[in-house]
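# Inside the fold
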Amino acid sequence: MPTMPDAPATPAAPAAPAPSVHITYAGGTIGMVGSPDGLVPGADLGHWLAALLKGTDLEGRVSLTALDPLIDSANATPESWQAIIDDLRAHHAAGPAGGAEGAASAEGAASPGSARSPGNVISHVVLHGTDTMAYTSAALSYALTGFDHPVVVTGSQLPLGAVGSDAAPNVAGALHAATSGRATGVSLFFGNRLLAGNRATKTSSWGFEAFASPCAEPLATAGAPWRWAPAPAPGAERVQGPATPRHGTDHRRRPRPYGRHDVVVLDLAPGITAARLRALLTPLPDAVILRAFGTGNVPSAQPGLTDAVAEAVEAAVVVASQCLQAEVLLDRYETGDAIASAGAVGCRDMTLEAAYAKVQFLLAQGLRGGELAARMGRSIAGELTESRDR
């Protein structure tokens with residue numbers, strides 16, 4: 001997807017310092033305004049950011065691009081994830097001699113003849129809709145393991161122009177985290193909490209603390225002062241995100257870009273039949289995420305159901321839990337062991353969003369079937385706990 005030219009959040013001044021944070025505006029409620037047909041994009045994000053940052057140490061140090069078209073997160077696809085990744089990489093690589101084809105003022109007027117570099121960008125914030133924010137943040141984490149700039153994803157439950165909106169505290173918190181020197185990898189800031197991007201899940205459609213991290217502690221909690229989780233000791237298990245890349249190391253062989261692959265997510269329910277499961281899996285997709293009960297249990301006494309799962313293993317069957325907080329252990333009960341014997345694999349303590357994005361990522365890298373299934377239990381970017389006392 002093309003992007004709009006860079007737009008500094010405050011009017012450019014000759015003596016202003018180069019921006020140190022780049023914001024990628026992907027879309028979402030935060031930038032919407034009311035219309036006869038409901039909320040639509042249209043807020044003056046540049047002016048709003050200028051007012052938010054005025055008088056702070058980030059005034060004049062934040063640049064902005066908006067994806068074109070903007071994404072309603074309910075319509076996000078793996079190609080949308082890639083558009084964000086491409087924008088992040090473009091602004092990681094931009095230097096004093098680089099720059100956009102044009103600049104824009106806080107009023108948003110393009111100036112094609114006055115190209116201006118985003119400068120020494122050292123961190124990134126992504127503004128995104130909340131519906132699929134956790135999918136996007138997980139997807140970014142897999143694709144950006146060699147990216148040495150922190151990326152913080154945020155948005156809001158209410159538009160920035162609404163009275164009582166959570167837009168300002170969420171954006172301010174994301175900017176604070178991104179410039180703290182303590183955030184690494186991809187994280188998600190929302191409702192005063194900084195979460196590992198691939199450990200987060202949306203838990204409320206209305207609450208301002210809309211995201212949780214059921215199987216990993218928050219990275220930080222906003223306050224006066226912020227309270228940061230202690231860094232793991234050397235050699236200790238790391239569950240909250242990837243290790244810090246060395247500075248200037250966006251040179252690791254880049255993964256293949258995201259594309260759309262046929263991944264089906266199925267929730268089991270009491271009484272489901274083998275015939276219905278087969279029908280839902282015909283034709284066979286590229287991969288299946290089967291949301292089972294508890295630690296990965298299925299109604300194995302249902303005639304033919306485990307056979308139906310076995311028939312789908314050719315495409316990779318990944319078992320997740322319907323529980324918000326769980327670790328999938330297919331060998332714990334006979335009802336889970338039955339599908340493990342057929343070739344299904346568990347996703348350990350990954351969220352659904354992290355598991356789905358990971359399957360899409362592995363398919364994009366060319367993995368299929370058993371090879372993909374074998375990689376699901378190995379961490380790429382801290383999305384799962386690799387060992388746990390049982």
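Attention here is on the structure that accompanies the text. Not measured: the values here are computed from a predicted model.

Our next topic: the pattern of salt bridges. Summed over the entire model, instances satisfying the criterion amount to seven salt bridges. A salt bridge links Asp 349 to Arg 199, with the nearest nitrogen and oxygen atoms 3.4 Å apart. In this pair, Asp 349 sits in the loop between β18 (345–346) and α8 (352–364) while Arg 199 sits in the loop between β10 (193–196) and β11 (201–202), placing the two residues 150 residues apart along the sequence. Taking the relative accessible area as the measure of exposure, Asp 349 reaches 3% and is therefore buried.

With that settled, the discussion passes to the packing of α8 against helix α9 (residues 369–376). The contact between α8 and α9 brings their axes to 10 Å, and the two run at 135°. Our classification of the angle between α8 and α9 gives oblique. Relative to α9, the crossing made by α8 is right-handed. Contacts between α8 and α9 involve Ala 355, Lys 358, Val 359, Leu 362 and Leu 363 from the first element and Leu 372, Arg 375 and Met 376 from the second.

Next up on the list: unusual backbone geometry. Cis geometry marks the peptide bond from Ala 224 to Pro 225; its omega dihedral reads 5°. Looking at where Pro 225 falls in the secondary structure, it is placed in the loop between β13 (220–221) and β14 (227–228). Look at Ala 316: it is not a glycine, yet its phi comes out positive at around 80°. Counting through the fold element by element, Ala 316 comes out in the loop between α6 (305–312) and β17 (317–321). With a relative accessible area of 1%, Ala 316 lands in the buried category. With a phi angle near 55°, Arg 348 is a residue other than glycine that sits in the positive phi range. One can find Arg 348 in the loop between β18 and α8.

We now examine helix α1 (residues 45–53). Listing the buried residues of α1 in full gives Leu 45, Gly 46, Trp 48, Leu 49, Ala 50 and Leu 53. The elements touched by buried residues of α1 are β1 (21–25), β4 (62–66), β7 (123–127) and α4 (167–178). Note on α1: the residue one or two positions beyond its end, Gly 55, has a positive phi of about 85°.

On to the pairing of strand β9 (residues 186–190). Burial within β9 is extensive, with five of its five residues counted as buried. Where strand β8 (residues 151–154) meets β9, three bridges bridge the pair, whose relative direction is parallel. Its bridge partner lying in β9, Val 152 is registered against Ser 187. Traced from β8 through α4 to β9, the parallel crossover comes out left-handed.

Here we come to the nonpolar core. Ranked by size, the top nonpolar core spans 71 residues in total, and within it Leu 140, Tyr 142 and Ile 289 carry the most contacts. The element best represented in this core is α8, accounting for nine residues. Setting aside its immediate chain neighbours within four residues, Tyr 142 contacts Asn 198, Tyr 258, Met 350, Ala 354, Ala 357, Lys 358, Phe 361, Ile 380, Ala 381 and Glu 383. Counting 30 residues, the second largest nonpolar core, distinct from the first, contains Leu 49, Leu 127, Leu 175 and Ala 196.

Parameters and conventions
Residues numbered from 1 in each chain as written. Predicted model: local features only at pLDDT ≥ 70, side-chain atom pairs only at ≥ 80, totals over all residues. Heavy atoms only, no water. Salt bridge = Lys/Arg side-chain N within 4 Å of Asp/Glu carboxyl O. Helix = DSSP H or I, 4+ residues; strand = E, 2+ residues; numbered from the N terminus. Buried < 20%, exposed > 50% of the residue type's maximum accessible area, 1.4 Å probe, protein only. Axes fitted to C-alpha atoms, helices over the stretch in contact; angles between N-to-C directions. Parallel < 35°, antiparallel > 145°, perpendicular 65-115°, else oblique. Left-handed = near helix turned anticlockwise from the far one by under 90°. Contact = heavy atoms within 4.5 Å. Pairing = 2+ DSSP bridges. Right-handed = clockwise from strand over helix to strand, strands pointing away. Core = buried A, V, L, I, M, F, W, Y, C linked by side-chain atoms within 4.5 Å.

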